[in-house]
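Each chain, letter by letter, is given below.
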Amino acid sequence: MKTSIATVTISGELPEKLEAIAAAGFDGVEIFENDFLAFDGSPADVGRMARDLGLTITLFQPFRDFEGMPEPHRSRTFDRAERKFDVMQQLGTDLVLVCSNVSPISLGGIDRAAADFHELGERAAKRGLRVGYEALAWGRHINDHRDAWEIVRRADHANIGLVLDSFHTLSRKIDINSIRSIRSIPKDKIFIVQLADAPLIDMDLLYWSRHFRNMPGEGDLPVAAFTSAIAETGYDGYYSLEIFNDQFRGGSSRAIAADGHRSLIYLGDQVRRTLGGRTAIGKDMPPRAEVKGVGFVEFTSSEEDAPELVGILRALGFRQTARHRSKKVALFEQGDIRLLINTDEAGFANAAYAVHGTAAYAMALNVEDAADAYQRALALDAEPFHQSVGAGELDIPAIRSIGGGLLYLIDDKSPLGHFAEVDFETVQDETALAPAGLLNFDHVAQTVSYDEMLTWLLFYTSIFAAGKSPMVDIIDPGGVVRSQVIENDSGTLRLTLNGAENRRTLAGHFIAEKFGSGIQHLAFRTDDIFATAAALRENGFTTLPISPNYYDDLEARFGLDPDLAECLKAGNILYDRDEQGEYFQLYSRTYGEGFFFEIVERREYRGYGAANAIFRIAALKKQISRMAYLGSKADRASILR
Ligand code: MG
Ligand code: MG
């Protein structure tokens, strides 16, 4: 698959854009006229810059309001075209994009447009240039790629071809058979393919297109089906991202370009899996990894800070079962849950501690085949992580993840699944408290800044077999937090990504105080929330106090049995209900700057209690401001216990 991206997709000045595009691994770049006009260098300078970075200029665009103009506008339009051709020759590209006319004075008629294109083809041919015609979804007369193709067909000129753009075709919600009809277009008449996805939002087409497009796989449009139809023609030209998105234009040019490259690799993989041997596009890589559960979560801490965290784990009913043979790492277990606390003074964990303080900086996913998952992750541009291991110890495959943390890959079929037996030695925990009935990880909640959400959504859903559910807004007293669920059908992988827009929200406070994104809470599952709550009370665990008003409202809202409501209130247990079932949630107080534990019981319920988040956030914030008031660490510890 030959990859390209339009300069308009990413932020920065033109040189910065080109460098980011090259660094991400693209083969080509579309030069957008405005990017070029805002730059001080000549077209020849831009062409040289691109070529020096190893980039082909795949397209110069846009040329607007060309076809079907009445005289005298028609003659002036051809003069304009000649000037564009001059620029193209200096840039060193042979293809220009003409988008369908939106001018109110333009005249309709397929044959009139075809004749204009034939003449433009003659002029382009004299200079060895080509012209691609694209139907804008809001074009005045031509707004469908099928009509644009008819014009190109009738223009009947070797230098005139079609530009297919997934957004313009799919935003009009044409049916799947019309998408499939693309297969009958001769491949050499498709001059370039532009790709963009978008979230399904009901709004004006033009506004939607100019502000909300995103990378293939990040939105809701059937971009893979569209691309498969094109691949079936045998088309072997560039697939070029053309994405107008306010967030991207304000984001990091390198990160956005990297996301774009990953989105195209993933798209190629999807097409290859659909078409099998019928296409050459897409890399050979293992399929998306099936996740069977969270293998472990590892905290980084220090000798000085760890006892506070250990105290909370013990109160939650965890017991230390083992310690690492060569490093200062303690393993705590309860049910199938494994938590590691790393207080080693060397290595990556220690470096993470220096930046974030005590934090859940690493997570292991237990997959069907760790070697395959690792290979796929690397094929999708994930950054590998290595550090030295002791003799006889396992080298667990790992990639860099949210906030610079680590994502380990383990499985049950190789020794990786037995890392605890290989790398650790058993200890007797004399001071453990009673277990609290915690069974396994229910979900892991990661907090990121809002503009990173799509990055990590694409990261997880391209590497692992998981889907996303629609983003929901969580109301925090300090602003809105966006929440995106990533999960698989069996519920063995449940991740929530919370995107903070400002530091007044709890999520934003967490990012600001922890110096970056990361795991903000771990939710454990019990099958008897009331028994767990009683065991926790015995252990001296302090739950997050929830406002009594919440329970009055709950009783009224769900028509709850007053006895049940009273039990919930006594245990600070939150409750939710959906069409499938019921949900019970209980929270710890925050540890440090906004990290906390959650315990849930699901009775057929599929969600995450979004409606309760505002009450939980308000309670946590109350605690954080009290801690800030009390200040010293000793006082904080007394509140936590
Ligand atoms: Mg386009
Ligand atoms: Mg949660």
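Please read these numbers as outputs of a predicted model, since none were measured by experiment.

**A look at helix α19 (residues 529-538)**
Along α19, the residues that are buried comprise Ile529, Thr532, Ala533, Ala535 and Leu536. Buried residues of α19 fall within an arc of 165° about the axis and therefore sit on the same side. Projecting away from the buried face of α19 at angles above 90 degrees are the exposed residues Arg537 and Glu538. For α19, the capping residue at the N-terminal end is aspartate 528, with a side-chain oxygen 3.2 Å from the backbone nitrogen of phenylalanine 530. Where α19 ends, the next residue or the one after it, glycine 540, has phi of about 80°, a positive value.

**What to know about the coordination of the magnesium ion (ligand 2)**
Angles between donor atoms at a metal ideally measure 109.5 degrees for a four-coordinate tetrahedral arrangement and either 90 or 180 degrees for a six-coordinate octahedral one. With distances of 2.2 to 2.3 Å, the protein atoms coordinating the magnesium ion (ligand 2) are His443 (NE2), His521 (NE2) and Glu598 (OE). On the primary sequence, the residues serving as donors to the magnesium ion (ligand 2) are separated as H-x77-H-x76-E. Here the residue histidine 443 occupies a position in strand β18 (residues 440-449), and glutamate 598 occupies one in strand β26 (residues 596-603), the gap between them amounting to 155 residues. You'll find histidine 443 and glutamate 598 in the same group, each marked buried.

**Thoughts on the sheet that holds strand β6 (residues 160-165)**
Strands sit in the order β1-β2-β3-β4-β5-β6-β7-β8 around a closed barrel of eight strands; the barrel is parallel. Within the sheet, the average angular offset between the axes of one strand and its neighbour, ignoring direction, is 30°. Of the strand pairs in this sheet, strand β3 (residues 56-63) and strand β4 (residues 95-99) are connected by two bridges, and their pairing is parallel. Within β4, the residue paired with phenylalanine 60 across the bridge is valine 96. Across the sheet, helix α12 (residues 253-275) touches β1 (2-6), β7 (190-195) and β8 (238-241), and the angle it forms with β8 is around 135°.

**Considering the nonpolar core**
Grouped together as the largest cluster of nonpolar side chains are 203 residues, with contacts concentrated most on Leu316 and Leu522. Non-local contacts of leucine 522, meaning those with residues more than four positions away in its chain, are made with Val297, Phe299, Leu339, Phe441, His443, Val444, Phe595, Phe596, Phe597 and Glu598.

Conventions adopted
- The residue numbering used here restarts from 1 in each chain and proceeds along that chain's sequence as written.
- Just so you know, chain letters begin at A and ligand numbers begin at 1, following the order they were written in.
- Reporting of local features is limited, given that this is a predicted model, to residues whose pLDDT is at least 70; pairs of side-chain atoms are given and counted only at 80 or more, and all residues count toward the totals for whole chains, interfaces and linings.
- Where side-chain values are given, they derive from all heavy atoms of the structure, hydrogens and water being excluded.
- Three exposure classes are used, based on accessible area relative to the maximum for each residue type with a 1.4 Å probe and protein chains only: buried under 20%, partly exposed in between, and exposed over 50%.
- Where helices and strands are cited, they refer to DSSP runs of H or I of at least four residues and of E of at least two residues respectively, numbered from the N terminus.
- Think of it as the arc spanned by the lines of direction from the helix axis to the C-beta atoms.
- By the criterion applied in these results, polar contacts are pairs of N or O atoms within 3.5 Å in which, for protein atoms, one can donate a hydrogen and the other can accept it, and in which residues neighboring in sequence qualify only through two side-chain atoms.
- The donor set covers N, O and S atoms within 2.8 Å of the metal, switching to 3.2 Å for Na, K and Ca, and it leaves out water, so a site may look short of donors.
- Paired strands are those between which DSSP finds at least two bridges.
- Every angle, taken between N-to-C directions, lies between 0 and 180 degrees, and every axis is a line fitted to C-alpha atoms, over only the stretch in contact when it is a helix.
- Residues count as neighbours in contact if any of their non-hydrogen atoms are within 4.5 Å of one another.
- We call a set of buried residues a nonpolar core when its members are Ala, Val, Leu, Ile, Met, Phe, Trp, Tyr or Cys and they connect through side-chain atoms within 4.5 Å of each other.

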